[in-house]
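Listed below, chain by chain, are the residues.
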Amino acid sequence: MRVSVIGCGYLGAVHAAAMAQLGHDVVGVDMDAVKLAALTRGEAPFFEPGLPELLVEASSTGRLRFTDDISAAKGATVHFIAVGTPQLKGSNAADLQYVDAAIEQLLPHLTAGDVVVGKSTVPVGTAARLAARIAEHGSGAVLAWNPEFLREGFAVKDSLAPDRIVFGLPPEPAGAAIAEAALRGVYAAALAAETPLVITNYSTAELVKVAANAFLATKISFINAMAEIAEVTGADATELADAIGLDGRIGRRFLGAGVGFGGGCLPKDIRGFMARAEELGRGESVAFLKEVDAINLRRRQRVIDHVVDLLDHEPFGKTVAVLGLAFKPHSDDVRDSPALDVAVRLKGLGAEVRATDPQAIENARRQHPQLDYRTSFEETVRGADVVVLVTEWDEYRYLDPEVVGALVSGRNIVDGRNSYDPARWRAAGWTYRGLGRP
Ligand code: NAD
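Fair warning: this is a prediction, and the values are worked out from it, not measured in the lab.

Trainee: I tried to follow the overall build of the protein on my own but got confused; where do I start?
Mentor: The number of helices and strands found in the protein is 18 helices and 14 strands. Here the protein has a C-alpha radius of gyration of 23 Å; the compact-globule value for 438 residues is 22 Å, and the two agree. Principal-axis analysis of the C-alpha atoms gives the protein an extent of 70 × 50 × 40 Å. Counting all 438 residues of the protein, 55% fall into the buried class. Nonlocal contacts in the protein, meaning residues at least 24 apart in sequence, comprise 73% of its contacts between residues at least 6 apart.

Trainee: Explain the environment of Glu172 to me, please; I cannot follow it from the model alone.
Mentor: Inspection of the secondary structure assignment puts Glu172 in the loop between β7 (165-169) and α7 (173-186). For the pair Glu172 and Gln105, spaced 67 residues apart in sequence, the C-alpha separation works out to 25 Å.

Trainee: Before we go on, may I ask you to explain unusual backbone geometry in this structure?
Mentor: Glycine aside, the phi torsion of most residues is negative, and most peptide linkages are trans. One non-glycine residue with positive phi stands out, namely Phe254, at about 65°. Take Phe254: it is sitting in the loop between α10 (237-245) and α11 (266-279). On the basis of relative accessible area, Phe254 is assigned to the partly exposed category, the value being 37%. Located in the positive-phi region is Asp312, a residue other than glycine, with phi close to 55°.

Trainee: Where do I start with the nonpolar core in this structure?
Mentor: In a soluble, globular protein the nonpolar side chains are often hidden away together inside. In this structure, Leu323, Val381, Val387 and Tyr420 are the most contacted members of the largest nonpolar core, which totals 50 residues. Put simply, the parts of the chain that give this core at least two residues each are α12 (288-310), β9 (319-323), α13 (338-348), β10 (352-356), α14 (361-367), α15 (377-381), β12 (386-389) and β13 (412-415). At 6 residues, α13 tops the list of elements feeding residues into this core. If we ignore the near neighbours within four places in the chain, the residues touching Val387 are Ala321, Leu323, Val381, Val408, Asn412, Ile413, Val414 and Trp430. If you look at the next biggest cluster of nonpolar residues, it comprises 42 residues, including Ala16, Leu39, Leu54 and Ala82.

Trainee: Just to check I follow, could you spell out the side chain of Asn363 for this structure?
Mentor: Mapped onto the secondary structure, Asn363 falls in helix α14. Among the polar contacts listed, one links the side chain of Asn363 to the backbone oxygen of Asp332, at a separation of 2.7 Å. Beyond its immediate sequence surroundings of up to four residues, Asn363 is in contact with Tyr10, Asp332 and Val334.

Definitions and limits used
- Per chain, the residues get numbers from 1 upward, laid out in the order the sequence is written.
- Where totals are concerned, whole chains, interfaces and linings use all residues; where local detail is concerned, this predicted model gives features only for residues with pLDDT of at least 70, and gives and counts side-chain atom pairs only at 80 or more.
- Hydrogens and water molecules were not included; the side-chain quantities draw on all heavy atoms of the structure.
- Secondary structure is summarised from DSSP: a helix means a run of H or I of at least four residues, a strand means a run of E of at least two, and numbering begins at the N terminus for each.
- Within these notes, the globule rule equals 2.2 Å times the number of residues to the 0.38 power, and the radius of gyration is based on C-alpha atoms.
- Exposure is judged per residue with a 1.4 Å probe applied to protein chains only, and the accessible area is read against the type maximum: over 50% gives exposed, under 20% gives buried, and values in between give partly exposed.
- We call two residues contacting when some pair of their heavy atoms lies within 4.5 Å.
- Remark: nonpolar core denotes a set of buried residues (Ala, Val, Leu, Ile, Met, Phe, Trp, Tyr, Cys) joined through side-chain atoms within 4.5 Å.
- The definition of a polar contact used here is a pair of N or O atoms within 3.5 Å, where within protein one atom must be able to donate a hydrogen and the other to accept one, and adjacent residues in sequence count solely through side-chain atom pairs.

In structure tokens, the structure reads:
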């Protein structure tokens, strides 16, 4: 099928390449000249495992190209909208200006039978509004909503072989039939592999995505709330998570107590959900998400408090080595990253912060040029008074406390991800602080 993908960021670039790899003829459209230049050369504009190989393979088929010219979308049957929906400045709400602009730019190039497919995460009600706009324009195109569940770090696998597919179809049967047929065509390979498919209406499809993210955020903040209780009772939140996670109804995943969640999705999605629920007169239904957000942000402060405590409450001029900048391993994404936030705030307290990350230094530097970034792990920790682990890259998870101990000035470690065995580090003479661990 001929497919256009409007917006080629973390979601759209991978989706476009995956669609081409699966046999479709794809044009990706973006306005970011730097991203486009990389994609046009067949190179990944950001770090995502497997994406360079996928881009090379997909480009070699001749079925994948990228442009800044939206008119190139003309002639495609399916048009994916994958532009950003960040948090609006000064508000919890989602900023829909990019989605609205993408639709307006696409409208003149649509023809009857085309299907515009929303992938961006949007407040419930957006699809109905956009469908009305498309109908008003009179091209005869229809709209479907098809939320995306890919995880950064696993985006290639998740795009080629998703764990589930959701079609949010228009209310009119004729439009629904056109949209469903087109979506079944683009996802033919995944559907043939019996990937679970949920066919529903717009509102449900929109809500599936924000509800899933709200649930995951709640699970993380739940264990972090238990960590706060553990900290005043001598309990161990890690062992608690192991024990409650053995209950099949609860499960151990997303029960890792630590510095909390971040990234370009969870934080802004729960805030956008709260804002939308308020507009709908149902603010109280998701009021708990305010606590979820607050618990999450408190954990960053807890990490900072540990560092300051280990520096005898005199952080000024002390050297702190921060391990990790990305919001999670296997990604270079620093949007709302707890790691970067901790580094910046420690610097704000006067500490000499040296920060490192295997992939995210350049993105971090663009946001916070004032930090001292080091590419070498040894250079980062050499002479440090405290070492802080904030992103659990494998490079940092398997450190030898003796080897690191020979480099630092003070054997003090704050384990913001509860990744280390406290007994092993203490045995090597380190003062160890985890989160929710005695
Ligand atoms: P991103 O910022 O990495 O990418 C968005 C891209 O859209 C940018 O490259 C930008 O230049 C481009 N863009 C903006 N306006 C445009 C326009 N009018 N025409 C063409 N291109 C335009 O964001 P992302 O992480 O890829 O997220 C995109 C959407 O997908 C968001 O709604 C997000 O919540 C959702 N989502 C993201 C992920 C993820 O893991 N990143 C997962 C699921 C859903």
